Amino acid sequence: MKTPKICKTRQELKAAIAEANPRSLGFVPTMGALHQGHGSLFRIAREENELVVISIFVNELQFNDAGDYARYPRQLQADVQLAAEAGVDIIFAPEAQEIYHAGLPLIKLASGRMGELYEGASRPGHFDGMLAVVSKLLHLADPRQGAYRAYFGQKDAQQVVLIRRMVADLDYPVELRSVPIVRSEKGLALSSRNALLSEAEKEAAMVLHRSIQLIADRAANHEPLNIEDAIGLFQMEPLVQLDYFTVVDPNTLEELAFNCQDTPFTGEGLILVAATVGKVRLIDNQPISA
Ligand code: PAF
């Protein structure tokens with residue numbers, strides 16, 4: 001097992017990529033606290049590219065709660081180990097001043113209505129802050145020649161839709177890949193935030209997956225979705241506070257009329273759910289088609 005090269009500055013990163021001179025580069029931006037969900041992104045990037053670069057950077061701009069930013073787990077040593085096991089070549093792990101060297105951005109990317117829905121509604125500014133850093137990181141890891149691919153977890157479905165839109169709208173020379181959710185044996189979507197849950201909260205959090213499964217099964221069986229039944233499951237979990245449960249258009253994120261109709265589901269949809277378990281906000285999703 002090879003230890004990945006750690007780059008702290010943009011110059012070190014640029015030099016390491018130039019030295020490798022790859023025919024293809026797979027880039028996976030992360031905020032660290034890596035788990036097997038990230039591991040699956042790294043492995044797919046490893047299979048598809050000559051050089052695999054990841055970034056580990058907790059981006060203050062996408063947190064609208066200072067406490068949440070402070071509590072976000074930071075564990076570089078363990079992250080390096082997981083990245084090494086997945087065959088990562090280069091880790092870009094900059095300090096904040098290396099990324100925001102010119103101060104916080106004056107010129108901003110606006111995620112518009114799609115960034116105000118769902119996660120954006122409870123975390124104002126989150127998606128603008130996320131796009132700000134993803135845009136910078138995509139530039140910094142750009143090999144300038146050869147194939148360039150960037151990998152994102154489908155778990156953050158709204159994030160993937162927005163990054164796709166940014167890359168299309170601004171003509172970024174990168175191919176985006178979204179990688180399916182990795183789940184625990186019991187079905188909980190893997191997330192760095194799961195480490196903050198007690199055992200009882202982890203058990204209660206399983207309602208996210210149960211509720212999704214209920215609606216996904218109905219879609220697969222061409223039945224009416226009746227999502228109020230899924231919402232009802234949350235009322236039986238005192239440790240869980242539901243924020244939203246909905247089925248949306250996977251490209252526009254607008255709610256589908258099927259949510260409130262008695263007609264069977266047809267077409268393409270995306271189930272989105274968010275809930276707070278104890279103090280921890282969790283999200284999950286699943287594409288459906290019928
Ligand atoms: O999904 C994440 O971990 C972050 O939003 C990302 C894409 C690394 C940007 O900070």
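For the structure, check the block above.
Note that the structure is a prediction, hence the values are computed from the model and not measured.

Thresholds applied
Residues numbered from 1 in each chain as written. Predicted model: local features only at pLDDT ≥ 70, side-chain atom pairs only at ≥ 80, totals over all residues. Heavy atoms only, no water. Pairing = 2+ DSSP bridges. Helix = DSSP H or I, 4+ residues; strand = E, 2+ residues; numbered from the N terminus. Axes fitted to C-alpha atoms, helices over the stretch in contact; angles between N-to-C directions. Contact = heavy atoms within 4.5 Å. Salt bridge = Lys/Arg side-chain N within 4 Å of Asp/Glu carboxyl O. Buried < 20%, exposed > 50% of the residue type's maximum accessible area, 1.4 Å probe, protein only.

Here we take up the sheet that holds strand S9 (residues 280-289). Judged by pairing direction, the sheet is antiparallel, and its three strands sit side by side in the order S7-S8-S9 without closing on themselves. Every other strand in the sheet has two partners, leaving strand S7 (240-248) and S9 as the edge strands with one partner each. The average undirected angle you get between the axes of adjacent strands in this sheet is 10 degrees. Examined bridge by bridge, strand S8 (residues 268-277) and S9 share 10 bridges and lie antiparallel to one another. Paired with Leu-270 across the two strands is Pro-287, which belongs to S9. Running over the sheet, helix H10 (residues 207-220) touches S7, S8 and S9 and is turned about 15 degrees from S9.

Moving on, we get to the pattern of salt bridges. Scanning the model with the defined rule gives 17 salt bridges in all. A salt bridge links Asp-68 to Arg-193, with the shortest nitrogen-to-oxygen separation between them at 3.4 Å. Of this pair, Asp-68 sits in helix H3 (residues 66-71) while Arg-193 sits in the loop between strand S6 (175-179) and helix H9 (199-205), and the two are 125 residues apart along the sequence. Of the two residues, Asp-68 and Arg-193, both sit in the buried class.

Moving on, we get to the side chain of His-209. You can see His-209 is positioned in helix H10. What His-209 contacts, discounting residues up to four positions off in sequence, is Arg-183, Lys-186, Gly-187 and Asp-284.

This part is about unusual backbone geometry. Phi is positive for Arg-144, which is not a glycine, with a value near 70 degrees. Here Arg-144 shows up in the loop between helix H7 (126-140) and strand S5 (147-153). In this structure Arg-144 comes out as exposed when scored by relative accessible area, which is 65%. Of note in this structure, Asp-171 is not a glycine but carries a positive phi near 55 degrees. The topology assignment puts Asp-171 in the loop between helix H8 (157-169) and S6. Judged by its relative accessible area of 65%, Asp-171 is exposed.

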